[in-house]
Amino acid sequence: MNPENLKLNTICTHVGEVADKQFKGAVSPIYPATSYNFEGVDEKRYPRYFNTPNQQALTRKLAALEHAESALIFSSGMAAICTSVLAFLKHGDHVVLQKALYGGTHNFVVNEFKRFGIEYSFTKGLEKKDFEAAIKENTKLIFIETPSNPLLHITDIKMVAALARANNIISVIDNTFASSVNQNPIAYGIDIVAHSATKYLGGHSDILAGAVCAKKEHIEKIASLGINLGGNLSDYTVWLLERSIKTLGLRVKAQNRNARKLAKYFSKNESVSKVYYPGLKSHPGHELASTQMKGYGGMLSLELQPGIDMDHFLTSLSLIKPSMSLAGVESTISVSVRTSHALLSEEERKAQGISDRLLRLSVGIEDKRDLIADFEQAISKVRAKQI
Ligand SMILES: *Cc1c(COP(=O)(O)O)cnc(C)c1O
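Residues numbered from 1 in each chain as written. Predicted model: local features only at pLDDT ≥ 70, side-chain atom pairs only at ≥ 80, totals over all residues. Heavy atoms only, no water.

Draft legend 1. Examining the sheet that holds strand β7 (residues 210-214) more closely. Ordered by their spatial adjacency, 7 strands build an open sheet running β1-β7-β6-β5-β4-β2-β3, and the pairing between neighbours is mixed. Of all the strands in the sheet, the pair left with one neighbour each is β1 (70-74) and β3 (119-122). Ignoring which end each strand starts from, the neighbouring axes of this sheet average 20° apart. Two elements, strand β2 (residues 94-97) and β3, share 4 bridges in a ladder whose sense is parallel. Within β3, the residue paired with V96 across the bridge is S121. In the packing of helix α4 (residues 103-112) onto the sheet, the strands contacted are β2, β3, β4 (139-145) and β5 (170-174), and the crossing angle to β3 comes to about 140°. Sheet strands touched by helix α6 (residues 157-166): β4 and β5. Its angle to β4, the strand with the most contacts, is close to 175°. (Pairing = 2+ DSSP bridges. Helix = DSSP H or I, 4+ residues; strand = E, 2+ residues; numbered from the N terminus. Axes fitted to C-alpha atoms, helices over the stretch in contact; angles between N-to-C directions. Contact = heavy atoms within 4.5 Å.)

Draft legend 2. Summary view of the site of the ligand. Surveying the vicinity of the ligand reveals 15 residues, the closest of which are G77, D174, S196, T198 and K199. With respect to the ligand, the side chain of K199 contributes an N or O atom lying 2.7 Å from an oxygen atom. Within the complex, the protein chains bury 92% of what would otherwise be the 380 Å² of accessible surface of the ligand. At 3 residues, the largest contribution of residues to the shell around the ligand is made by helix α3 (residues 77-86). (Near = heavy atom within 4 Å. Polar contact = N/O pair within 3.5 Å; in protein donor to acceptor, adjacent residues only side chain to side chain. Areas by Shrake-Rupley, 256 points an atom, 1.4 Å probe, with all protein chains shown as cover.)

Draft legend 3. View of the sheet that holds strand β9 (residues 299-304). Pairing is mixed in the open sheet, where 5 strands are placed in the order β8-β9-β12-β11-β10. Among the strands making up the open sheet, the edge pair consists of β8 (272-276) and β10 (321-322). In terms of strand pairing, β10 meets strand β11 (residues 332-335) through 2 bridges, oriented parallel. Across the sheet, the residue bridging to K321 is T332, located in β11.

Draft legend 4. Molecular detail of the environment of S301. Structurally, S301 is set in strand β9. Accessibility expressed as a relative area gives 0% for S301, which makes it buried. A sequence separation of 38 residues divides S301 from A263, and the C-alpha atoms of the two residues are 8.7 Å apart. The residues touching S301, leaving out its near neighbours within four places in the chain, are P150, L152, K274, V275, Y276, L358, L359 and R360. Polar contacts involving the side chain of S301 include one to the main-chain carbonyl oxygen of P150, which spans 2.6 Å. (Buried < 20%, exposed > 50% of the residue type's maximum accessible area, 1.4 Å probe, protein only.)

Draft legend 5. Structural detail: the packing of helix α2 (residues 53-66) against helix α9 (residues 235-245). One way to put it is that α2 packs onto α9 with a least axis distance of 9 Å and a crossing angle of 35°. In terms of crossing hand, the pair formed by α2 and α9 is left-handed. Between α2 and α9, the residues in contact are N54, Q55, L58, K61, L62 and L65 and D235, V238, W239, L241, E242 and I245, respectively. Each residue belonging to the contact of α2 with α9 can be placed in one class, and the counts come to 7 nonpolar, 2 polar and 3 charged. (Left-handed = near helix turned anticlockwise from the far one by under 90°. Nonpolar A, V, L, I, M, F, W, Y, C, P; charged D, E, K, R; others polar.)

Draft legend 6. The arrangement of the packing of α3 against helix α8 (residues 216-229) in detail. Taken N-terminus to C-terminus, the directions of α3 and α8 make an angle of 120°; their axes are 9 Å apart at the nearest point. If you check the angle between α3 and α8, you find them oblique. Two packed elements cross with a definite hand, and for α3 against α8 that hand is right-handed. For the pair α3 and α8, the contacting residues are T83, S84 and L86 in the first and I222, L225, G226 and L229 in the second. For the contact of α3 with α8, the class distribution of residues is 4 nonpolar, 3 polar and no charged. (Parallel < 35°, antiparallel > 145°, perpendicular 65-115°, else oblique.)

Draft legend 7. Looking closely at the nonpolar core. Among the nonpolar cores identified, the biggest contains 86 residues, and F266, L300 and F313 are the most heavily contacted of them. Counting residues per element, this core draws most heavily on helix α10 (residues 248-267), which supplies 7 residues. Once residues within four sequence positions are removed from consideration, F313 is found in contact with L304, I333, L359, F375, A378, I379 and V382. If you look at the next biggest cluster of nonpolar residues, it comprises 29 residues, including A79, L101, A214 and I219. (Core = buried A, V, L, I, M, F, W, Y, C linked by side-chain atoms within 4.5 Å.)

Written as structure tokens, this is what we have:
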């Protein structure tokens, strides 16, 4: 069957399997070989780098999920992002990056670009005029991330893609937070879609991996730099990632539903002063999110009322785990300034509007009533001590 015509959960379950021709097992066998017979092989690329049987099969699943021509798997999200970005840049080029990016990407740009002679500008805001103002004569690449981490700002994907096209600039999006279930940016004209597969694609907080989806010509360019930089993923982990993606559609849709319910609950709760969730009508990006996302995602951020002891609240939670990272089947909570944005200076955090009291919740697949009950018991513990 043509993967183009298949629906989400069928792609997740069936596309990109390695057929077990020998034993006819129901799942992909693992081919761990790093050495293959060279006789009679006309493949120019060494059959080890980014092109083992398991990797090639999984790239078909990823490409189908993003409606892309091709894909590539990396050993981490950062490897996928750095390699994809650098593949299109040289000394003297300029890059436009949206304000408010994942902390690691921000760090990569501000710490590494300068010594390669690559210039960059962060946009002042997320409007068309902000991107236009940042573009220069030598701009070669625009990088966006929507919804953004941790405030879930929404950037207009179609607008950025069109602006990039009109100026002959490569457009790259970090699609990690939305996942391929909720957002497919290639349909809106974006050139390159990067993922930290450590998050929703893996989904169980036990895989470190990255992926990038694009048209064939771009993937070949990224792969050729990738071979020089390294960053291949072991086939054992490739196999586990393929297994994990079988439930991607089910997991993410459950996470969407839970997050939406929790966001509504928090927005009416007197202990919560702020809620950031694109699925809420009060969110400034709500309308835009409704046009470009199929679901609003499993990530939300909140601030507790100023009088509430945040550390005591975190240690009082029993189900929701204070934890770095996100997107597992279990709900986790983190303090952005101590985790994902710890490397940013206070000034940079202020510029992005990230308060010291911001809590980022990655909503899992648990029963929402248990999650609400956990929040309530933790708040009452903190309040009882404060009285
Ligand atoms: C985690 C994350 C990354 C980095 O991915 P790793 O797999 O940890 O290297 C990049 N972008 C976003 C939005 C992330 O959440």
